[in-house]
Amino acid sequence: LPLIRTRRFRPHPAGRRIDLRKTLRESMREGGDIIPLVRSAPTELHPPLVVLCDISGSMNPYSRMFLHFLHAITNDRDRVAVFVFGTRLTNITRQLRHRDVDVAMAKVAEAIKDWSGGTRIGHSLREFNFKWGRRVLGQNACVLLVSDGLDREAGEGLGEEMERLAKSCQRLIWLNPLLRYDKFEARPAGVRAMLPHVDLFLPVHNLKSLVDLAKTLSASTTGPAKENFQWK
């Protein structure tokens, strides 16, 4: 993800801002006769990456591949939070931080109680928004939502929760494996409720799509979802 400028400052020899506190401290070391100017510049950090991954029965062929991908990302950088959902929401960030991928996946499987079951997307997003949103969506967070949009509750309350999620993050990217099909149509109620609130709508079904995703995340600009998908 592109670096973003934060409100915090760090020492930098070419910084435009003078750190008065550190300047006075350095002058005291010289007895006050010499006042060396200590400059500072804004700190740049990668924004948080938050992933919400659907692990229902219809997503089973794709979610396992994506979890291995997320294991690599979680161990490669900081400020990554990973949640999975079927009929309930589960935070698996701690489990994925184990260096051994086999141990990590075993811990993930042990933590998840609703693997390959039904899907309650609206209920899971509501729990995330009210329980976790303020904790992990600060500092221009980017959210990846991995789901086919097939909701058991026919999209009940899903539009409101998607809107709340979109307003809480910098970018909301929806990764849907069904988008690989040329004849995909936004007919399910869940898909129609979700699509208006995403910044990008992309396929995720193989390794090439993950490479394309990495290139997309590296871009500093985003376009509206309607430019990536035409309504049928």
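Cut-offs and rules
- Residues numbered from 1 in each chain as written.
- Predicted model: local features only at pLDDT ≥ 70, side-chain atom pairs only at ≥ 80, totals over all residues.
- Heavy atoms only, no water.
- Patch = residues over 30% accessible without salt bridge, like charges linked within 9 Å, V, L, I, M, F, W, Y side chains within 5 Å.
- Areas by Shrake-Rupley, 256 points an atom, 1.4 Å probe, with all protein chains shown as cover.
- Salt bridge = Lys/Arg side-chain N within 4 Å of Asp/Glu carboxyl O.
- Helix = DSSP H or I, 4+ residues; strand = E, 2+ residues; numbered from the N terminus.
- Buried < 20%, exposed > 50% of the residue type's maximum accessible area, 1.4 Å probe, protein only.
- Pairing = 2+ DSSP bridges.

Draft legend 1. Spotlight on a nonpolar patch on the surface. On the surface, a cluster of nonpolar side chains totalling about 280 Å² of accessible area is made up of Ile18, Ile35 and Leu37. Structurally, Leu37 can be placed in the loop between α1 (20-29) and β3 (39-45).

Draft legend 2. Summary view of unusual backbone geometry. Positive phi outside glycine occurs at Arg79, with the angle close to 55°. Along the chain, the position of Arg79 falls in the loop between α2 (60-76) and β5 (80-85). For Asn140, which is not glycine, the phi torsion reads 60° and is therefore positive. Positionally, Asn140 belongs in the loop between α6 (133-136) and β7 (142-146).

Draft legend 3. View of the pairing of β7. Of all 5 residues that make up β7, 5 are buried, and the element is covered over most of its length. Here β7 shows two buried faces, one formed by Cys142, Leu144 and Val146 and the other by Val143 and Leu145. Pairing geometry for strand β4 (residues 49-54) and β7, over 5 bridges, is parallel. Bridge assignment links Cys53 to a residue of β7, and that residue is Val146. For β7 and strand β8 (residues 171-175), the ladder comprises 5 bridges, and the chain directions are parallel. Looking across to β8, one finds that Val146 is bridged to Leu175.

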